[in-house]
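Analysis of the macromolecular model
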Amino acid sequence: MTKSIIIVLLTFMIFGCTDINQAENTIAKLESLRAENDSLRKIVADIETKYVFDSISVRDIPDYKNTYKLNSKIKGEIVFVGYNIDLEKSRVIMVDSVTYNPEKLHNPDTLKFQNGGYKYEIKLNDKEITWKADIKVENEYGQKMQGLLMNKATTKKN
């Protein structure tokens, strides 16, 4: 009888030690995962303070077919250079003017995103015209940018 009690006690002690080792291994794994998670949070926090490529520029590219004659149409494309665009959060709106405090866009016309840029078309109905675009760029991982793009065209002299 005492032998069977000793065997049962030894069995419980062996299983008890195994459980303690598993608990220690689990705790060590959790600490490792916590350290990894903290380092990833630092990386994400660093990314959120930058543009995706550390810089962004906006380009207004005129169409090479523009004649700049009176009453002709001026075509162009607004593109964001060095940026992964998020179409749901980014936009370009052509406007006549903008007032601030509160912000109001006068005669807005939202441009559609096509083949990497926002294409526009304006009639050159005066000797000189100015066009403006309210630009908003956002991305999940980078800084946000908002501003007013202004450009001017004059009729070509014969």
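The present account deals with the structure reproduced in this document. (Residues numbered from 1 in each chain as written. Predicted model: local features only at pLDDT ≥ 70, side-chain atom pairs only at ≥ 80, totals over all residues. Heavy atoms only, no water.)

Side note on the overall build of the protein chain
Helix and strand counts for the protein chain stand at one helix and 10 strands. Taken from N to C terminus, the helices and strands of the protein chain fall in the order α-β-β-β-β-β-β-β-β-β-β. In the protein chain, which comprises 158 residues, the proportion classed as buried is 22%. In the protein chain, once contacts between residues fewer than 6 apart in sequence are set aside, the share between residues at least 24 apart is 62%. For the protein chain, the accessible area works out to roughly 11900 Å², and carbon and sulfur atoms hold 54% of it. (Helix = DSSP H or I, 4+ residues; strand = E, 2+ residues; numbered from the N terminus. Buried < 20%, exposed > 50% of the residue type's maximum accessible area, 1.4 Å probe, protein only. Contact = heavy atoms within 4.5 Å. Areas by Shrake-Rupley, 256 points an atom, 1.4 Å probe, with all protein chains shown as cover.)

Quick word on the sheet that holds strand β8 (residues 117-124)
Read across the sheet, four strands follow the order β1-β2-β8-β7 without closing on themselves; strand pairing throughout is antiparallel. Edge positions in the open sheet fall to β1 (57-62) and β7 (113-114), since each of these has one partner strand only. Two elements, β1 and strand β2 (residues 72-81), share six bridges in a ladder whose sense is antiparallel. Paired with Ile61 across the strands is Glu77, a residue of β2. (Pairing = 2+ DSSP bridges.)

Some details on unusual backbone geometry
Of note, Tyr68 is a non-glycine position whose phi angle comes to about 60°, a positive value. Relative to the assigned elements, Tyr68 resides in the loop between β1 and β2. Among the residues examined, Tyr68 registers a relative accessible area of 24% and is labelled partly exposed. If you check the backbone angles, Asn107 has positive phi at about 55° while not being a glycine. Turning to its location among the elements, Asn107 is positioned in the loop between β5 (104-106) and β6 (109-110). Residue Asn107 is classed as exposed on the basis of its relative accessible area, which comes to 53%.

Quick look at the pattern of salt bridges
In this structure the tally under the stated criterion is five salt bridges. Note that Arg91 and Asp134 form a salt bridge whose closest N and O atoms lie 2.8 Å from each other. Linking Arg91 in strand β3 (residues 91-95) with Asp134 in strand β9 (residues 128-137), this pair joins segments that are 43 residues apart in sequence. Overlapping salt bridges, with partners in common, bring together Lys73, Lys75 and Glu121 in one network. (Salt bridge = Lys/Arg side-chain N within 4 Å of Asp/Glu carboxyl O.)

Observations regarding the sheet that holds strand β10 (residues 145-154)
Across the sheet, four strands lie side by side as β6-β3-β9-β10; this open sheet has antiparallel pairing. In this open sheet, the two strands that pair with only one neighbour each are β6 and β10. Bridge count between β9 and β10: 10 bridges; the pairing is antiparallel. Considered in β10, the bridge of Asp134 is made with Leu148.

Observations regarding the packing of aromatic side chains
Between two aromatic rings, the relevant description is the distance of the centres plus the angle of the planes. Using the criterion set out here, one finds three aromatic pairs in the structure. Relative to Tyr118, the ring of Phe80 has its centre 5.9 Å away and its plane inclined at 80°; by these criteria the two rings are edge-to-face. Linking Phe80 in strand β2 with Tyr118 in strand β8, this pair joins segments that are 38 residues apart in sequence. When the ring of Phe113 is compared with that of Tyr118, the centres are 5.2 Å apart and the planes differ by 65°; the resulting orientation is edge-to-face. Looking at Phe113, the relative accessible area reads 31%, which means it is partly exposed. Chaining the aromatic ring pairs together yields one cluster made of Phe80, Phe113 and Tyr118. (Phe/Tyr/Trp six-rings, centres within 6.5 Å; stacked < 30°, edge-to-face > 60°.)

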